[in-house]
Amino acid sequence: MSERKYLYTERAHYMCPNMHFGIVAEIEAEFDAKRIIESIDVLKSAHPLMRSLIAEEKGSSMIYYEEQSELEIPVTIKKADDNWQTDYEAVSSAGWNVQKDALLRVFAYPSESGTRVLFITHHLLCDGRGLLQLVQEFADHYANGALPQPIDEKLMESLDDLPGGSGLGFISKVLIKDANKKWRKEGHKVSYEEYLRFERDHDSKQDIKREIKKIDEEKLDSLLNLCRENGVSLNDYLVAKMMIDEGTDKVVIASDIRNKIKNYKEGALGNYATAFSVVVKKNFEIMELAKAVDHEVKRILSKPNKEMLVLSCYFYMDPELLDAVAISTLGSFESKAGRFVGSRMFGYEKRAGHCITNLGRVESNVISEAIFIPPASPANSKAWGVLTINRKMRICSIHAM
């Protein structure tokens, strides 16, 4: 049994609905139900977080990942004509008790390419890049017998784990200090049982639409050439396109920080990402807008206190206040401090945000194509999940109705 791992920045995902996301992948290997289950067990042996549930420490406010010697990852074997989106919706509407249910669920289907798999994970297990890695490890073992490297994950535990200069500015510190003070004065907290009742009610009322857009090699090459000619990245182009399509001047983008933080171990699960807002308030045609986006992204990335802002907020905030944010903004729990954070800082009350998570480009000789299904965060009305496998880009667009 490894050293106990506590939730710090992950605490923001503990009592918040819709903190799950997925990847559906086509694997060029003959369908074999027994082999699928065997490969999942191999992954579980390599990753401590996969064999963990979430537990509350007695006598304190701390929460941790508790390894379970007999934990089973649920694997559901389906028929070829079953719809993976129906299975994803069923998981979404059922809620997720992370104290009792494994943090990963797997569905498998025979397909034309051989095998289709749907991995659905709770955000407490990993971020999007972590799930992509997990799917790749699965495919490599399932198709070729390759064994993943065992990793003892080390999570972010304090501001010291972030790059120098990541601390909050004066105004942000004052706002969070005041919210913490008001929260402690309220003298109560949310129990996990109370949160689960709220989550079930919240999920039963959700109406999330998902659409898949396919951009194949020829069109992707054309886009990449256009971006190179204009000195911008494909991600800059996508942000600009969302701004134009959705009529917004603000898009939140996810940022992988594995190469910037001090305690990431290569191959580890967990959350090693941040997110920041890109704001461009001028009207441009798409490539000029992409250049403005590129300029703004580079400005933010040059300042750790801007790039790491959301993570720093989590470290400064009372963890039990984090627990109360969603339920006091969207449910019946009364907390002025929680509602302030949820409405003014996290955007849960208006749910008007726009977000892009791009997992990048991957070449694989076993995965022919894949789709990344982003989380339907309570902050966002629209989100795009982008993943490119073997020069086949797939954009999963989700819209909260």
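Residues numbered from 1 in each chain as written. Predicted model: local features only at pLDDT ≥ 70, side-chain atom pairs only at ≥ 80, totals over all residues. Heavy atoms only, no water.

Asks: Please explain the packing of aromatic side chains as it appears in this structure.
Replies: Both the distance between ring centres and the angle between the ring planes are used here to describe each pair of aromatic rings. Taken as a whole, this structure holds 10 aromatic pairs when the rule is applied. Ring centres of Tyr14 and Tyr192 lie 4.9 Å apart, and the angle between their planes is 5 degrees; on these two criteria the pair is classed as stacked. Of this pair, Tyr14 sits in the loop between strand E1 (5-6) and strand E2 (20-27) while Tyr192 sits in helix H5 (residues 192-204), and the two are 178 residues apart along the sequence. For the pair formed by Tyr14 and Tyr192, the shared burial category is buried. Among the aromatic residues, those joined into a cluster by ring pairs are Tyr14, Tyr192, Tyr195 and Phe198. Cation over ring: Arg105 sits above Trp96, and NZ or CZ is 4.0 Å from the ring centre. (Phe/Tyr/Trp six-rings, centres within 6.5 Å; stacked < 30°, edge-to-face > 60°. Helix = DSSP H or I, 4+ residues; strand = E, 2+ residues; numbered from the N terminus. Buried < 20%, exposed > 50% of the residue type's maximum accessible area, 1.4 Å probe, protein only. Lys NZ or Arg CZ within 6 Å of the ring centre and 35° of its normal.)

Asks: How should I be thinking about the packing of helix H7 (residues 234-246) against helix H8 (residues 286-301) in this particular structure?
Replies: Two numbers describe a pair of packed helices, the interaxial angle and the distance between the axes. Put simply, H7 and H8 touch, their axes get as near as 8 Å, and they point 120 degrees apart. As H7 runs across H8, the sense of the crossing is right-handed. In contact with Asp236, Tyr237, Val239, Ala240, Lys241, Met243 and Ile244 of H7, H8 contributes Ile286, Met287, Leu289, Ala290, Val293, Asp294 and Val297. A per-class count over the contact of H7 with H8 returns 11 nonpolar, no polar and three charged. (Axes fitted to C-alpha atoms, helices over the stretch in contact; angles between N-to-C directions. Left-handed = near helix turned anticlockwise from the far one by under 90°. Contact = heavy atoms within 4.5 Å. Nonpolar A, V, L, I, M, F, W, Y, C, P; charged D, E, K, R; others polar.)

Asks: Can you walk me through helix H6 (residues 217-230) in this structure?
Replies: Two residues of an α-helix separated by three or four positions point the same way, owing to the 3.6 residues in each turn. Between the first and last C-alpha of H6 there are 20 Å, a value that for 14 residues agrees with the 20 Å anticipated at 1.5 Å per step. Every buried residue belonging to H6 is among Leu220, Leu223, Leu224 and Cys227, and all of these are buried. Along H6, the residues classed as buried sweep out an arc of 100 degrees about the axis, all on the same side. Facing away from the buried surface of H6 by more than 90 degrees, the exposed residues are Glu218 and Glu229. The elements touched by buried residues of H6 are strand E8 (208-215), H7, H8, strand E11 (353-362), strand E13 (380-389) and strand E14 (392-400). Taken from the residues just after H6, Gly231 is the one with a positive phi, measuring 70 degrees. (Expected span 1.5 Å × (residues − 1). Arc of directions from axis to C-beta.)

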